[in-house]
Amino acid sequence: MTPLRPARPEFRNINAFKDLTTYRLPPAGWVSILHRVSGALMFLLLPFVVWMMDTSLSSELSYGSFTAAFSAGIGFLPGWFVKLVALALIWAYLHHFCAGVRHLIMDATHKVDKAYGRSSAIVTLALSIGLTVVLGAKLFGLY
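Fair warning: this is a prediction, and the values are worked out from it, not measured in the lab.

Student: Quick question: what am I supposed to make of the overall build of the protein here?
Tutor: Counting secondary structure elements, the protein contains 5 helices and 0 strands. Its helices and strands in sequence order give the protein the pattern α-α-α-α-α, from N to C terminus. For 143 residues, the compact-globule formula gives about 15 Å, and the C-alpha radius of gyration of the protein, at 22 Å, lies well above that figure. Principal-axis analysis of the C-alpha atoms gives the protein an extent of 90 × 40 × 25 Å. Looking at the protein as a whole, 27% of its 143 residues are labelled buried. Pairs at least 24 residues apart make up 65% of the contacts formed inside the protein by residues separated by at least 6 positions.

Here's what the structure looks like:
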């Protein structure tokens, strides 16, 4: 008589509304997802970056309109919204840069173990959020 094989596990599709709210991602997973989100955000905000660069460097008059956009707004967009968009761009750049440096260090030193991945992900998240808070405070005039 042949021994009975254990029942194979049954894999089902993930229910996005029920399962994703209970799934806990490790810090390295968050860094990976946010690295992609920050890259997409920088790509989508590229026209805003080009406008800021052009307006700030064209002339003294255009620089005055550039600085006025952050206080008075642009068209129907209020100034605080322009600052929030700039803050999102600041976060996207800082996170993408920090995560990219993390990946370069991991590739150069061949540190791909779980403990280093977790600790470097936490440092990346803390560094990018901390720098964003500091630059956001400067953007909103807190110092």
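Student: Explain the packing of helix H1 (residues 27-44) against helix H5 (residues 114-139) here, please?
Tutor: The angle between the axes and the distance between the axes are what describe a pair of packed helices. Between H1 and H5, the least distance of the axes is 8 Å, while the angle of their chain directions is 50 degrees. Compared by their axis directions, H1 and H5 come out oblique. The two elements H1 and H5 cross, and the hand of that crossing is left-handed. In this structure, H1 uses Pro-27, Ala-28, Val-31 and Leu-34 to contact H5, whose residues at the interface are Gly-117, Arg-118, Ala-121, Ile-122, Thr-124 and Leu-125.

Student: What is the right way to look at the packing of helix H3 (residues 60-71) against helix H4 (residues 79-109) in this model?
Tutor: Taken N-terminus to C-terminus, the directions of H3 and H4 make an angle of 100 degrees; their axes are 5 Å apart at the nearest point. In this view, H3 runs roughly perpendicular relative to H4, as classed from their interaxial angle. Note on element contacts: H4 touches H3 through Gly-79, Val-82, Lys-83 and Ala-86, opposite Ala-69, Phe-70 and Ser-71.

Cut-offs and rules
Residues numbered from 1 in each chain as written. Predicted model: local features only at pLDDT ≥ 70, side-chain atom pairs only at ≥ 80, totals over all residues. Heavy atoms only, no water. Helix = DSSP H or I, 4+ residues; strand = E, 2+ residues; numbered from the N terminus. Rg over C-alpha atoms; globule rule 2.2 N^0.38 Å. Buried < 20%, exposed > 50% of the residue type's maximum accessible area, 1.4 Å probe, protein only. Contact = heavy atoms within 4.5 Å. Axes fitted to C-alpha atoms, helices over the stretch in contact; angles between N-to-C directions. Parallel < 35°, antiparallel > 145°, perpendicular 65-115°, else oblique. Left-handed = near helix turned anticlockwise from the far one by under 90°.

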